[in-house]
Amino acid sequence: MAVNIISESSCRVAIVGGGTSGLALAAELKRLNVGSVVVLEREPISGGIPRHCGHYPFGIHEYRRLMKGPEYARKNSDVATKLRAIIRTGTTVTALRPGGTLEITTHAGRELLHADRVVLCTGVRESSRAQRFIGGDRPYGVISTGALQSMAYLQNIRPFRNPVIFGSELVSFSAIQTCSHVGIKPIALVEEEDRVRVRSLLSPYLIAKRVPLHTGIRHPKIVGRETVEALEFTDKNGDHRRIETDGIIISGRFRPEAALLRASHLDVDSGTGGPVVDQTGRCSDPAYFATGNILRPAETSAFCWQEGVDTAARVANDLQAPSPHTPKVVSVSHDDPAIRFVVPQRIDTSLPPYGMAHFYLGLAEEVRGVLEARSDGILIWEKSIRSRPVRRLQFSLSEIVKPPAADDITFTLRRLG
């Protein structure tokens with residue numbers, strides 16, 4: 001079916017997503033004088049997830065100030081705007097075409113935007129109930145943390161009074177803060193793993209807030225006809241448990257916002273769910289880059305802000321390159337089920353020595369052993385690790401990729417104990 005295009009325009013850099021990384025990227029690109037920069041944001045207001053987080057702490061690293069999420073989001077937007085980046089809200093990118101052409105939709109209709117470079121900054125979303133395999137009835141009152149934050153901070157709505165929080169990541173603790181804002185008292189936090197997924201120093205927070213913790217649960221089931229009445233599950237001792245509640249908050253287990261990516265011509269990494277990138281963030285189509293949580297869900301706003309700034313320098317360097325180079329690509333992979341992902345998934349050794357300084361690894365389970373990097377079956381690097389999932393594991397890229405580099409690097413694990 002032919003697409004009815006009402007207009008065409010062009011820019012130097014188009015940024016898909018007006019959250020933390022996208023706005024930091026836009027501001028830095030303008031500081032670097034790359035030319036016209038356009039941010040495409042589907043929401044009516046730019047700023048991303050922090051807009052919904054009406055609590056501290058934001059902005060300490062970026063602005064040397066302690067801010068709540070909405071203030072931080074406005075600051076990021078204001079800085080980019082003052083530097084004359086164009087922020088187009090209410091604008092949805094519907095297709096990524098080869099070479100940097102975007103199909104976009106606004107209230108006026110469909111447009112084409114031709115960019116010399118496109119940077120994907122679409123971020124992440126929490127896994128759904130179905131993706132978490134939570135069975136039972138389908139009543140009203142089952143929402144994500146993001147939906148809760150939107151209701152509480154943007155609409156001042158209290159969707160329930162005594163919910164159960166499903167998950168124990170950092171965002172789950174954020175949900176407790178959000179509940180406090182509108183007078184909601186969580187009655188339990190449940191986690192499928194044997195321990196909470198956040199660092200142990202946050203565990204006393206549950207005691208302070210008087211939120212009981214249940215770890216190692218199995219077979220969760222939501223009970224309720226019209227509204228939530230209870231959460232049933234098998235506890236770690238094998239006993240059946242039932243918690244009377246009027247709501248369920250499904251928190252964490254972030255996934256990249258990648259529907260647009262999966263429908264495109266770009267290579268997608270099965271581990272992260274985001275794009276395959278090299279150490280500069282460049283995708284399989286050299287006109288496209290990616291940065292922020294679409295690469296490796298999910299990092300803090302401060303981390304994404306800094307990565308946006310760093311990616312701006314890489315994009316600017318690429319735009320200034322005298323001519324297209326012939327890449328010398330080292331493929332990066334992993335062959336152990338305990339390793340969920342590795343970023344970047346390829347290294348271009350023909351590029352100048354700039355880009356990501358580290359490999360980032362994500363684990364699917366708790367690991368104690370030795371992480372090994374092999375090339376053509378030969379051990380080239382190893383390091384002892386002991387870590388749980390949802391930890392930022394990073395290892396020096398220059399220690400592992402040394403000239404003359406081979407054509408492939410594979411990460412594997414040798415378990416101890």
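Residues numbered from 1 in each chain as written. Predicted model: local features only at pLDDT ≥ 70, side-chain atom pairs only at ≥ 80, totals over all residues. Heavy atoms only, no water.

(A) Summary view of the overall build of the protein. Counting secondary structure elements, the protein contains 9 helices and 26 strands. Against the 2.2 N^0.38 benchmark of 22 Å for 417 residues, the protein shows a C-alpha radius of gyration of 22 Å, consistent with a compact globule. For the protein, buried positions account for 54% of its 417 residues. Long-range contacts, defined here as pairs at least 24 residues apart, represent 64% of the contacts in the protein between residues at least 6 apart. Accessible surface for the protein amounts to roughly 19,200 Å². Of this, 51% is attributable to carbon and sulfur atoms. Separation between the mean location of the 53 positive side-chain charges and that of the 44 negative ones in the protein comes to 6 Å. (Helix = DSSP H or I, 4+ residues; strand = E, 2+ residues; numbered from the N terminus. Rg over C-alpha atoms; globule rule 2.2 N^0.38 Å. Buried < 20%, exposed > 50% of the residue type's maximum accessible area, 1.4 Å probe, protein only. Contact = heavy atoms within 4.5 Å. Areas by Shrake-Rupley, 256 points an atom, 1.4 Å probe, with all protein chains shown as cover. Lys, Arg positive; Asp, Glu negative; His and termini not counted. Charge placed at Lys NZ, Arg CZ, Asp CG, Glu CD.)

(B) Highlighting unusual backbone geometry. For the bond running from Tyr-56 to Pro-57, omega is 0°, close enough to zero to count as cis. Turning to its location among the elements, Pro-57 is positioned in the loop between strand S2 (37–40) and helix H2 (60–63). With phi around 75°, Arg-84 is a residue other than glycine that occupies positive phi space. One non-glycine residue, Asn-156, lies in the positive phi region at around 55°. Among the secondary structure elements, Asn-156 is positioned in the loop between helix H4 (145–154) and strand S10 (164–166).

(C) Summary view of a nonpolar patch on the surface. On the surface, a cluster of nonpolar side chains totalling about 310 Å² of accessible area is made up of Tyr-56, Ile-60 and Leu-66. Tracing the chain through its elements places Tyr-56 in the loop between S2 and H2. (Patch = residues over 30% accessible without salt bridge, like charges linked within 9 Å, V, L, I, M, F, W, Y side chains within 5 Å. Salt bridge = Lys/Arg side-chain N within 4 Å of Asp/Glu carboxyl O.)

(D) Examining the sheet that holds strand S16 (residues 248–250) more closely. Taken in spatial order, the 5 strands make up an open sheet running S9-S16-S10-S11-S12, and their pairing is parallel. If you trace the sheet from one side to the other, it starts and ends with strand S9 (142–144) and strand S12 (213–215), each paired once. Taken pair by pair, the neighbouring strands of this sheet meet at an average axis angle of 20°, ignoring direction. Bridging between S9 and S16 involves 3 bridges; their strand directions are parallel. Across the sheet, residue Ser-144 finds its bridge partner in S16, namely Ile-250. Against the sheet, H4 engages S9 and S16, with an angle of about 90° to S9. Together, S10, strand S11 (188–191) and S16 form the strand contacts of helix H5 (residues 170–181), whose direction differs from that of S10 by roughly 155°. (Pairing = 2+ DSSP bridges. Axes fitted to C-alpha atoms, helices over the stretch in contact; angles between N-to-C directions.)

(E) Representation of the packing of H4 against H5 in the model. Two elements in contact, H4 and H5, have axes separated by 10 Å at closest approach and are oriented at 25°. Considering their axes alone, H4 and H5 lie roughly parallel with respect to each other. Between H4 and H5 the crossing geometry is left-handed. Here H4 contributes Thr-145, Leu-148, Gln-149, Ala-152 and Tyr-153 to the contact with H5, which in turn contributes Val-171, Ser-174, Ala-175, Gln-177, Thr-178, Cys-179 and His-181. (Parallel < 35°, antiparallel > 145°, perpendicular 65-115°, else oblique. Left-handed = near helix turned anticlockwise from the far one by under 90°.)

(F) Quick peek at the environment of Arg-129. In this fold, Arg-129 is placed in the loop between strand S7 (124–126) and strand S8 (135–136). We classify Arg-129 as buried; its relative accessible area is 9%. Between the C-alpha atom of Arg-129 and that of Ile-249, which follows or precedes it by 120 residues, the distance is 9.7 Å. A distance of 3.0 Å separates a polar atom in the side chain of Arg-129 from the backbone oxygen of Ile-134. (Polar contact = N/O pair within 3.5 Å; in protein donor to acceptor, adjacent residues only side chain to side chain.)

(G) Representation of the side chain of Glu-111. Examined against the element boundaries, Glu-111 turns out to sit in strand S6 (residues 109–120). At 3.1 Å, the side chain of Glu-111 forms a polar contact with the side chain of Arg-88. Apart from residues no more than four positions distant in its own chain, Glu-111 is found in contact with Ile-5, Ile-6, Ser-7, Arg-88, Leu-102, Glu-103, Ile-104 and Thr-106.

(H) Here's a closer look at the pairing of strand S1 (residues 5–16). Note: S1 against S6, 10 bridges, orientation parallel. Counterpart to Ile-5 in the pairing with S6 is Arg-110. Where S1 lies against S2, 4 bridges are found, and the strand directions are parallel. Bridging across to S2, Val-16 finds its partner in Leu-40.

(I) Expanded view of H5. End to end, H5 covers 17 Å across 12 residues, agreeing with the expected 16 Å (1.5 Å per residue, within 8%). Once H5 ends, the next one or two residues include Gly-183, with phi positive near 75°. (Expected span 1.5 Å × (residues − 1).)

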